[in-house]
Amino acid sequence: MNDIDKQIAIIRRGVEEILPENILEKKLQKSINNKIPLNVKLGCDPSRPDLHLGHSVVLKKLRDFQDLGHNAILVIGDFTAMIGDPTGRNKTRPQVSLKETKHNAKTYLEQAAKILDIKKLKIVYNSDWLNKLDFAKIIELNSKFTVAQFIERDDFNKRYKSGEPISLHEFMYPLAQAYDSVILRADIELGGTDQKFNLLLGRSMQKEYDLNQQLIITLPLLEGLDGKNKMSKSYDNYIAFNDSEIDMYGKTMSIPDDLIIKYFKLATNISLKEIKDLELMLNTQKINHRDLKRKLAREIVSLYYDDKAASMAEQHFDNVIVNKGVPDDIEEISIAQKSLLIDFLFLNGLVSSKGEGKRLVKQSAIKINDKVVKDIQLVLKLNTEYVIKVGKRRFIKIV
């Protein structure tokens, strides 16, 4: 795409910060003059198996660069995930094995394909080069930066002042991410606003190796369903790419009203003009929060499924949540022996663990035949019909 102004307009949409600001146009002009696409890097750590809407913000920006004809590079951080990103953490992350990160990474490409053009995507695993570094090389990388530089970083600084331990291996994470930019000769690196330190370190690392320094582009963090913390599986406040259309719709309907417009901007493909029109309608009370949230939920489900799935999910929401009914397609199952309710829910996939089941009972979030369950040790009897509701959207019927 030879029109720089159009490229910049697309690149700037939804962006929080571009650093250095004056370099973007120069890099684009050089790319056009030399007819060489820019290398645009995005790192993604497979510390858990699911991607969620929070990840979609940066993935959608990477797709913008693909559509503009640039080289999109998705770095699967299977090695860095073992270290654990300390960003925003008030304590050391538990480490995971390389085997576990590689297992999680297998699902990432299928999920990322819902946003990115996989045929035009360069996919790399940073274990391919980081796993081969010898101790001399690691010392060399460490010698290029000071402890003071790292302690200035906000999360490390807070932990240091409060007496919370900082393990030495945590310093290795930003170093490893920066070295990725050296290996890949990145022209641009994308990341959330919380990744700013890591991204800037990539620029510094490239300078140490006499390479052209990457431009960094940060994007806003998307708050999760709780409306407070950034969307994360750790906070259990996420909408996953792999959620069913019913769960995706229902979860979207549960976001706080003050996040509706932000979700439209960051999690949908609706034009900024239309979003401004919707915001104006909301402010002038020509549309209410509930109906606007319905539109948002349909848009999100349509992105990851299709319009038909979105309509079905909305109908299910009306039947089950609004009208407090039981879904027509409720799963029916029979039992051959008595069973603890918690065990039954776990074995049939209605809770991810027995611990979650117990927590939901304590939160009065499980009902049997429309009555709240209060007994964690409740036993399901034989020859008895039960309609079990877990949370707002999960049902099963014992016949």
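Look up a bit, the structure's there.
Everything numeric here is computed off the predicted structure, so don't read it as measured data. (Residues numbered from 1 in each chain as written. Predicted model: local features only at pLDDT ≥ 70, side-chain atom pairs only at ≥ 80, totals over all residues. Heavy atoms only, no water.)

Tallying secondary structure elements over the protein chain gives 18 helices and 13 strands in all. Over its C-alpha trace the protein chain gives a radius of gyration of 24 Å, about what one expects of a compact globule, namely 21 Å for 399 residues. Per-residue burial over the protein chain gives 46% buried out of 399 residues. The long-range fraction of contacts in the protein chain, counting pairs at least 24 apart against all pairs at least 6 apart in sequence, stands at 71%. In the form shown here, the protein chain has an accessible surface area of approximately 20500 Å², with 49% of it arising from carbon and sulfur atoms. Of the side-chain charges in the protein chain, 63 are positive and 55 negative, and the distance between the mean point of each set is 1 Å. (Helix = DSSP H or I, 4+ residues; strand = E, 2+ residues; numbered from the N terminus. Rg over C-alpha atoms; globule rule 2.2 N^0.38 Å. Buried < 20%, exposed > 50% of the residue type's maximum accessible area, 1.4 Å probe, protein only. Contact = heavy atoms within 4.5 Å. Areas by Shrake-Rupley, 256 points an atom, 1.4 Å probe, with all protein chains shown as cover. Lys, Arg positive; Asp, Glu negative; His and termini not counted. Charge placed at Lys NZ, Arg CZ, Asp CG, Glu CD.)

With that out of the way, let us pick up the pairing of strand β2 (residues 39–44). Bridge analysis of β2 against strand β3 (residues 71–76) gives six bridges, and the strand direction is parallel. By the bridge assignment for β3, K41 is matched with I73. With three bridges connecting them, β2 and strand β5 (residues 188–192) associate as parallel partners. Within β5, the position partnered with L42 by the bridge is L190. (Pairing = 2+ DSSP bridges.)

Listing the buried residues of helix α1 (residues 4–12) in full gives I4, Q7, I8 and I11. The buried residues of α1 occupy an angular sector of 95° when projected down its axis, which confines them to one face. For α1, the exposed residues lying more than 90 degrees away from the buried face are D5 and A9. N-cap assignment for α1: the residue whose side-chain oxygen lies 3.1 Å from the backbone N of D5 is D3. Directly after α1, the chain includes G14, whose backbone phi takes a positive value near 75°. (Arc of directions from axis to C-beta. Polar contact = N/O pair within 3.5 Å; in protein donor to acceptor, adjacent residues only side chain to side chain.)

Contact pair α1 / helix α2 (residues 23–34): the axes reach a minimum separation of 10 Å and the direction vectors enclose 130°. The orientation of α1 relative to α2 falls into the category oblique. By crossing handedness, the relation of α1 to α2 is classed as right-handed. Listed contacts from α2 to I4, Q7, I8 and I11 of α1 are L24, E25, L28, Q29 and I32. Among the residues forming the contact of α1 with α2, the class breakdown is six nonpolar, two polar and one charged. (Axes fitted to C-alpha atoms, helices over the stretch in contact; angles between N-to-C directions. Parallel < 35°, antiparallel > 145°, perpendicular 65-115°, else oblique. Left-handed = near helix turned anticlockwise from the far one by under 90°. Nonpolar A, V, L, I, M, F, W, Y, C, P; charged D, E, K, R; others polar.)

Attention now moves to the pattern of salt bridges. Applying the stated criterion to the full structure yields 24 salt bridges. The partner of E314 in a salt bridge is R298, and the shortest N-O contact between them spans 2.8 Å. Here E314, found in helix α16 (residues 307–322), pairs with R298, found in helix α15 (residues 289–304); they are 16 residues apart in sequence, far enough to count as distant. Given a relative accessible area of 31%, R298 falls into the partly exposed group. (Salt bridge = Lys/Arg side-chain N within 4 Å of Asp/Glu carboxyl O.)

A separate point is the packing of aromatic side chains. Tallying each qualifying case throughout the model produces seven aromatic pairs. Ring geometry for F145 and F150: centres 6.5 Å apart, planes at 75°, overall edge-to-face. Grouping residues by exposure puts F145 and F150 together as buried. Relative to F171, the ring of F156 lies with its centre 5.1 Å away and its plane at 75°, an arrangement referred to as edge-to-face. Placement of F156 in helix α9 (residues 154–162) and of F171 in helix α10 (residues 168–184) is noted, with a sequence separation of 15 residues between them. Under the relative-accessibility criterion, F156 is labelled buried at 0%. Grouped by ring-pair contacts, the aromatic residues F145, F150, F156, F171 and F197 constitute a single cluster. Taking the ring centre of Y305 as reference, the NZ or CZ of K114 above it sits at 5.8 Å. (Phe/Tyr/Trp six-rings, centres within 6.5 Å; stacked < 30°, edge-to-face > 60°. Lys NZ or Arg CZ within 6 Å of the ring centre and 35° of its normal.)

Spatial strand order, β7-β13-β12-β9-β10: five strands in an open sheet with mixed pairing. Taken across any chain shown, the strands that pair with only one partner, and hence form the sheet edges, are β7 (332–333) and β10 (371–372). One ladder, built from two bridges, connects β7 with strand β13 (residues 394–398); its direction is parallel. By the bridge assignment for β13, I333 is matched with I398.

The next thing to look at is unusual backbone geometry. The residue after L19, namely P20, is reached through a cis peptide bond having omega -15°. Residue placement: P20 occurs in the loop between β1 (17–19) and α2. One non-glycine residue, K35, lies in the positive phi region at around 55°. Here the phi dihedral of Q285 falls at roughly 60°; this positive angle occurs in a residue that is not glycine.

Of all six residues making up β3, five are buried, and the element is well covered by its neighbours. Crossover handedness for the path β2 to helix α3 (residues 53–67) to β3: right-handed. Here β3 pairs with strand β4 (residues 121–125) via five bridges, running parallel. If you follow I76 over to β4, its bridge partner there is Y125. (Right-handed = clockwise from strand over helix to strand, strands pointing away.)

Attention shifts here to the nonpolar core. Across soluble globular proteins, nonpolar side chains show a tendency to be buried alongside one another. Ranked by internal contacts, the top residues of the largest apolar core, which has 71 residues, are L53, L74, I217 and Y263. Setting aside residues no more than four positions away along its own chain, L74 makes contact with L42, C44, L59, L109, A112, L116, L121, K122, I123 and V124. (Core = buried A, V, L, I, M, F, W, Y, C linked by side-chain atoms within 4.5 Å.)

Taken together, six strands build an open sheet; the order of strands is β1-β6-β5-β2-β3-β4 and the sheet is mixed. Because the sheet does not close on itself, it has two edges, and the strands there are β1 and β4. Averaged over all neighbouring strand pairs, the angle between strand axes comes to 25°, with direction disregarded. Along the sheet face, α10 touches β2, β3, β4 and β5 and points at about 150° away from the line of β2.

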